[in-house]
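Per-entry structural report
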Amino acid sequence: MPTRQKFDHELEDLRLKILTLGKMAEQQIALAVNSLMNQDLELANSIVVKDLELNDLRADIEETCILLIATQQPFARDLRKLVAGFKISIYLERMGDLAVDLAKVSIRIGQEKLIKPLVDIPRMSGIVQEMIRIGLKAYVDEDCGAAAEMSLMDDEIDKIYSGVFGELKSIMMENPNNVTQANYLLFASRFLERLGDYCTNIAEEIVYICNGKRMDLNE
Amino acid sequence: MKAHQANRFASILLWIGAVAILALLVAFLALILGRGLPYLTAEFFSGSDGVRGQLFNSFYILFLSLIFSLPIGLGAGIYMAEYAPQNRFTDLIRLSTESLASVPSIVFGLFGMIVFVNMFGLGFTILGGSATLALLNLPILVRVTEESLRAVPRSYREASLALGATMWQTLRKVILPTALPGLITGITLVAGRALGETAILIFTAGMNVSRILFDVNPLAAGETLAVHLFAVKSNPLPGTNSDQIADGTAALLILMVIVFNLCLSIPSRWLQYRLQGKNRG
Amino acid sequence: MDKIVVKELDLFYGEQQALNSINIAMKERSVTALIGPSGCGKSTFLRTLNRMQDLTPGVKIIGQVKIDGQDIYAADTDVVLLRKKVGMVFQHPNPFPKSVFENVAYGPRIHGETDKKKLSEIVETSLKDAALWNEVKDRLHESALGLSGGQQQRLCIARLLAVGPEILLMDEPTSALDPISTMKIEELIAELKDKYTIIIVTHNMHQASRVSDRTAFFLSGDLIEEDITSVLFTRPAKKKTEDYISGRFG
C-alpha cells in the first residue's frame with residue numbers, strides 16, 4: 001500500500017507551481033526581447049506589471065515549502081526536492097526581474113532609432129528560452145543528465161556576449177553620440193548572460209535532487 | 001440508548017453487590033460481638049474454665065505452623081516464579097499445588113492423625129497440629145508467593161540485572177521488597193485460616209489444654225479457641241454455662257482475627273504507599 | 001578509536017534467525033543511532049551488546065562482539081563486570097520502588113560500596129551528570145515513583161552512571177515521554193557523549209538525526225546501511241533506506 005499519499009500530492013502541487021512560474025519567466029523574457037526588437041513600449045510596460053504575479057507566485061511557493069518542511073519533516077529525496085524547489089523558485093523569480101530590466105531597457109530606448117540591427121540579443125534570448133524549457137522538463141523528469149547538458153548551452157551565450165561586448169565597444173568609440181544607446185544594449189546583453197547563469201544554477205539544483213550532490217556547473 | 005440503560009443497570013447491580021457485602025459483615029459482627037462481648041470478662045480468661053490456655057495455643061500453633069510452612073512455601077513460590085523454566089515438570093508442580101489447595105481440610109486432618117498421631121505415635125500434640133496445619137497452608141503460600149513475585153514488573157528485574165546485579169541480589173534487594181505487600185496479604189490470609197481451623201486440629205492437636213499455663217512444650221496437647229468453640233457447642237458439659245462460653249469464644253475469635261489482620265495489613269499498606277511514592281501531600 | 005566491533009553476528013530465537021551476519025563498528029565517545037521498523041532486530045542487536053539477550057530462553061548467538069578488543073561472548077567473560085561497563089536505559093522509565101537516593105545508590109551497593117559518605121558523593125555526582133540534581137536534591141528520600149516520567153528516565157540514567165559505565169545503551173529512551181522531557185534527554189545525550197560511547201535505538205528518525213553522529217538502518221534482521229548521520233538522512237545510498245526514512249514503505 002502506498003504511504004504518504006497526501007504528502008505526495010502536495011509535492012506534486014508544488015512541482016506544478018514551480019513549472020507555472022518557470023513558464024511565466026520564460027514568456028516574460030521572450031516578450032521583453034520582443035518589446036526591445038519592435039520598440040513596443042506598451043508591451044514593455046505590461047511586462048513590468050506582470051512581474052508582480054511572478055513575485056506573488058514565488059511567495060506562495062516559499063510558503064508551501066516552509067509548511068511542508070515543518071509539517072512533513074521530510075528526509076532524503078523529499079527534503080532535497082523541497083530545498084531545491086525553494087531555490088529554483090528564487091532563481092526563476094530573479095529571472096523574471098531580469099526580464100523586467102530588459103523591458104526597462106526598451107522603455108529607455110523608446111522610439112529612438114536603433115544604432116544597429118538586433119541579431120545577437122534575440123539569439124541569446126532564444127538559447128535562454130531553450131535552456132528554461134529543457135530545464136523545466138528535466139526538473140519534472142528529475143533527469144540530471146538532461147540538466148547537465150542544458151547547462152553546457154550557457155557556454156554559447158557567454159561566447160555571444162563577449163562578441164557583443166567587443167562590437168558595442170567599437171560602436172561607442174566610433175561615435176560618442178551612440179554611447180547611451182550602446183550602453184543600454186550592452187546592459188540588455190549582460191542581462192541575458194545573467195539569465196544563462198541562472199539556468200545553470202537551476203541545472204545544479206536538479207542534479208542535487210537526483211543524487212544529493214552539489215555540483216558547480218558554472219565552470 | 002440501550003447501551004446506556006444497560007450500563008446504568010449494571011452499575012446499580014454491582015453497587016448492590018458491594019453494599020450487600022458490607023451489610024453482611026456489619027450484621028455478622030453486630031450479632032456475634034453483641035452476643036459475645038458481654039461475657040468477655042477477666043473471669044472468662046483466667047477463671048477455672050478460662051480460655052487463656054486456648055488463646056495461647058491458637059497463636060502458638062499458628063506460629064509453629066508458619067515456621068514450618070513459610071520457608072518451604074516461600075522457597076517453592078520463589079523458585080516457581082523466578083528460577084523454574086517453563087516446562088512439563090513445572091506445570092506438574094503447579095498442578096500439584098492446585099490439587100493440594102483444594103483438598104478438604106478434614107482430609108488433611110485425617111492424614112495428620114494417621115501420620116503424626118498414630119504412625120509417629122505422638123498422640124495429640126501441638127507439634128502434630130501445627131505440622132498438619134502447615135501442610136494445609138503450604139499450597140496457598142506457594143501460590144500467593146508465586147503470584148506476588150510475578151506481579152513485580154519485569155522491568156525492575158531488567159534494570160537490576162542490567163546494572164550488573166546477580167539474580168540473587170535482584171531477588172533480595174528489588175523483587176522481594178517490592179512483592180512484600182502481596183506476600184503479607186498472603187500470609188494474613190493463611191494465618192486467618194489457621195486461626196479459625198478446627199477440623200485438622202481436632203484430629204491432631206486434640207481437645208485438651210495443658211494444665212500448665214502457657215505450655216510451650218510442643219508435645220503437649222493443645223486445644224485452640226476455634227476447637228474450644230466447637231467442643232463447647234457440640235458437647236456441652238453439664239453444669240457449665242456452655243452457651244455463654246461459646247458466645248464469648250466466638251466473639252473473642254473474631255476480635256482476634258480482626259486485630260491480627262490489622263496488625264499485619266496496616267504496616268503493609270504503609271509500606272506500599274511509601275514504595276509507590278504516595279506519601280507526599 | 002573503535003570501542004565496539006561486531007563481526008558476523010548471527011542471532012537465532014530457536015529456529016528463527018533474528019540477526020543476519022551483522023558487521024559494524026562504533027567509535028569511542030560518539031552516538032550511534034539504530035533505526036528501522038518494529039521487529040527489524042535493532043533492539044535485539046542492542047541487547048546483545050550487554051548480553052541482556054542471553055536472558056531470553058532459546059537464544060543462540062554466533063559471531064563476535066568485541067568491546068575494547070575483548071570478545072564479550074568468550075567463555076571467560078564476567079557478565080556482571082560487562083554489564084557494569086555497558087549500561088542500559090529502557091523504553092519505559094523503570095526506577096525501583098525505592099527512594100531517589102536508594103535508586104542511584106543501588107548499583108554501587110551491589111558492587112560492594114558500603115561507605116555512606118562515598119555513596120552520597122556518587123549519588124550527587126550521578127544526579128548532577130544526569131541533569132536531575134537540582135530537581136530532586138530536596139527530595140532524595142522520597143519515592144522515585146513520585147517523579148514525573150521524564151525525571152524518572154533521567155533518574156534511571158543517573159542510576160546507570162553511578163556504576164561507572166563506559167558504554168550507554170538506550171532502548172527507545174524517550175518513546176514514553178512528552179516532547180519537553182524528550183528534548184531534555186536529547187540534550188543530556190549530547191552532554192554525555194563527551195564521556196561515554198552511546199548507542200541509541202529510536203523510532204523517531206528526527207531524534208536519530210538530531211542526537212547521533214552515525215546512524216545504522218536495520219531491516220528484517222539485516223544491517224542495510226550505516227553512515228554518517230547527515231549523509232544517511234539527506235542522501236542515503238540504498239533504496240530501502242531512502243524508502244524507510246522518507247516514510248514510503250511497501
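Residues numbered from 1 in each chain as written. Chains lettered and ligands numbered in written order. Predicted model: local features only at pLDDT ≥ 70, side-chain atom pairs only at ≥ 80, totals over all residues. Heavy atoms only, no water.

1. Quick notes on the overall build of chain B
Defined as follows: Under the scheme used here, helices are H or I runs from DSSP no shorter than 4 residues and strands are E runs no shorter than 2 residues, and both carry numbers assigned from the N terminus. Exposure categories follow from relative accessible area, calculated using a 1.4 Å probe and restricted to protein chains: below 20% of the type maximum is buried, above 50% is exposed, and the middle band is partly exposed. Contacts are assigned to residue pairs that have any heavy atoms within 4.5 Å of one another. Residue exposure ignores everything except the shown protein chains as possible cover, and the areas themselves are Shrake-Rupley values with a 1.4 Å probe. Neither His nor the chain termini are counted; the positive set is Lys and Arg, and the negative set is Asp and Glu. Taken as the charge location is NZ of Lys, CZ of Arg, CG of Asp or CD of Glu.
The secondary structure content of chain B amounts to eleven helices and zero strands. When the helices and strands of chain B are read in sequence order from the N terminus, they spell out α-α-α-α-α-α-α-α-α-α-α. Across its three principal directions, the C-alpha atoms of chain B cover 70 × 60 × 40 Å. Expressed as a percentage of the 281 residues in chain B, the buried residues total 42%. Long-range pairs, those at least 24 residues apart, make up 78% of the contacts in chain B between residues at least 6 apart in sequence. Just so you have it, chain B exposes about 15,200 Å², and 69% of that area is on carbon and sulfur atoms. Taken together, the 19 basic and 13 acidic charged side chains of chain B have centroids lying 13 Å from each other.

2. A few points about the interface of chain A and chain C
Going by this rule: In short, buried area is how much 1.4 Å probe accessible area vanishes from two parts on joining, totalled over both. Just to be clear on terms, a salt bridge is a Lys or Arg side-chain nitrogen sitting within 4 Å of an Asp or Glu carboxyl oxygen.
At the interface, 16 residues of chain A touch 14 residues of chain C. Summed over both sides, the interface between chain A and chain C buries roughly 1,200 Å², with carbon and sulfur atoms accounting for 48% of that surface. Considering only the surface of chain A that becomes buried against chain C, Thr3(A), Phe75(A) and Ala76(A) emerge as the three largest contributors, covering 47% of it. A salt bridge links Arg248(C) to Asp78(A), with the shortest nitrogen-to-oxygen separation between them at 2.4 Å.

3. Observations regarding the sheet that holds strand 4 (residues 59-67) of chain C
Residue and element names in this part refer to chain C. Rule in force here: At least two DSSP bridges between two strands are needed for those strands to be called paired.
In space, the four strands of this open sheet follow the order 2-1-4-5, with antiparallel pairing throughout. The sheet terminates laterally at strand 2 (16-27) and strand 5 (70-71), the two strands that pair on one side only. Note that strand 4 and strand 5 share two bridges and pair antiparallel. Each residue of the ladder has a partner; that of Lys66, found in strand 5, is Asp71.

4. What about the interface of chain C and chain B?
By convention, interface size is frequently given as the accessible area that disappears when the constituent parts associate. Heads up, the condition is: N or O atoms within 3.5 Å of each other form a polar contact, as long as, within protein, one can give a hydrogen and the other can take it, and as long as residues adjacent in sequence are counted only when both atoms are side-chain atoms.
Counting residues at the interface gives 27 residues for chain C, matched by 21 residues for chain B. Carbon and sulfur atoms make up 60% of the surface buried where chain C meets chain B, a total of about 2,000 Å² over both sides. When the buried area of chain C at its contact with chain B is split by residue, Pro97(C), Tyr106(C) and Ile110(C) rank highest and sum to 27% of it. Where chain C packs against chain B, one counts one salt bridge. Linking Arg47(C) and Glu158(B) is a salt bridge whose minimum nitrogen-to-oxygen distance equals 3.2 Å. On inspection of chain C and its partner chain B, the count reaches six residue pairs in polar contact (both at pLDDT 80 or more).

5. Some thoughts on the sheet that holds strand 3 (residues 31-35) of chain C
Residues and elements named next belong to chain C. Worth spelling out the cut-off: Lines fitted to C-alpha atoms define the axes here, with helix axes fitted over just the stretch in contact, and angles between the N-to-C directions of these axes take values from 0 to 180 degrees.
With mixed pairing, six strands are arranged side by side in an open sheet as 6-7-8-3-9-10. Each of the sheet's edge strands pairs with one partner strand only, and the pair in question is strand 6 (86-89) and strand 10 (222-228). The average angle at which neighbouring strand axes cross in this sheet is 20°, direction not considered. The strands touched by helix 6 (residues 149-161) are strand 6 and strand 7 (167-171); relative to strand 6, the strand with the most contacts, the crossing angle is about 170°.

6. Points about the domain arrangement of chain B
Residues and elements named next belong to chain B. Defined as follows: Residue ranges for the domains originate in an automatic or database domain assignment. Note on residue classes: Ala, Val, Leu, Ile, Met, Phe, Trp, Tyr, Cys and Pro are nonpolar, Asp, Glu, Lys and Arg are charged, and everything else, Gly too, is polar.
As far as domains go, chain B holds domain 1 (1-39) and domain 2 (51-280). Every contact between the two is made by eight residues of domain 1 and, on the other side, eight residues of domain 2. Buried area between domain 1 and domain 2, both sides added, is near 700 Å², and the carbon and sulfur share of it is 79%. Three residues, Ile32, Leu33 and Tyr39, lead the burial of domain 1 against domain 2; their summed loss comes to 54% of the area buried on that side. Where domain 1 packs against domain 2, one counts one salt bridge. The shortest N-O distance in the salt bridge between Arg35 and Asp247 comes to 3.3 Å. Where domain 1 touches domain 2, the interface holds one residue pair in polar contact (both at pLDDT 80 or more). Class assignment of the residues belonging to the side of domain 1 that touches domain 2 gives a composition of six nonpolar, one polar and one charged.

7. Side note on the arrangement of the chains
Sorting the two pairs of chains in contact by contact count puts chains B and C at the top. Left apart from each other, chain A and chain B have a closest C-alpha approach of 33 Å.

8. Considering the pattern of salt bridges
As a working rule, side chains carrying opposite charge can pair if their charged atoms are close by. Using the criterion set out here, one finds 46 salt bridges over all chains in the structure. The residue Glu193(A) makes a salt bridge to Arg190(A) at a minimum N-O spacing of 2.8 Å. Taken as a pair, Glu193(A) and Arg190(A) lie in helix 7 (residues 179-211) at a separation of three residues, close to a single helical turn. Using a relative accessible area of 37% as the deciding quantity, one classes Arg190(A) as partly exposed. With a shortest N-O distance of 2.8 Å, Asp68(C) and Lys85(C) are connected by a salt bridge.

9. Points about the packing of helix 3 (residues 52-83) of chain B against helix 6 (residues 126-150) of chain B
Residues and elements named next belong to chain B. Threshold: Whether a crossing is left-handed or right-handed is set by the direction in which the near helix is turned from the far one by less than a right angle, anticlockwise for left-handed and clockwise for right-handed.
Two elements in contact, helix 3 and helix 6, have axes whose closest approach is 6 Å; the angle formed by their N-to-C orientations is 35°. Note that helix 3 runs across helix 6; the crossing there is right-handed. The residue inventory of the contact of helix 3 with helix 6, partitioned by class, reads 20 nonpolar, seven polar and three charged.

10. Points about helix 6 of chain C
All names here are of chain C. Using the following cut-off: Helix span is expected to be 1.5 Å times the residue number reduced by one.
Helix length check: helix 6, at 13 residues, gives a terminal C-alpha distance of 18 Å against a target of 18 Å (1.5 Å per residue), a fit within 8%. By the criterion of burial, helix 6 is predominantly enclosed, with twelve of the 13 residues buried. Residues Gly150, Gln151, Gln152, Gln153, Arg154, Leu155, Cys156, Ile157, Ala158, Arg159, Leu160 and Leu161 constitute the buried set of helix 6.

11. A short note on the environment of Gly146(C)
All names here are of chain C. Along the polypeptide, Gly146 turns up in the loop between helix 5 (133-136) and helix 6. Residue class for Gly146 comes out buried when judged on its relative accessible area of 18%. C-alpha separation for the pair Gly146 and Asp171, spaced 25 residues apart in sequence, amounts to 23 Å.

12. With respect to the side chain of Thr97(B)
Relative to the assigned elements, Thr97(B) resides in helix 4 (residues 88-101). Once you skip the residues sitting within four places of it in the chain, Thr97(B) turns out to touch Pro139(B) and Val142(B).

13. Brief notes about unusual backbone geometry
All names here are of chain C. Phi at Ser21 is positive, roughly 45°, even though this residue is not glycine. Position of Ser21 relative to the elements: it lies in strand 2. Under the relative-accessibility criterion, Ser21 is labelled partly exposed at 32%. The residue Arg51 is not glycine, and still its phi comes out positive at about 60°. For Arg51, the position within the fold is in the loop between helix 1 (42-48) and strand 4. You can call Arg51 buried: its relative accessible area is 14%.

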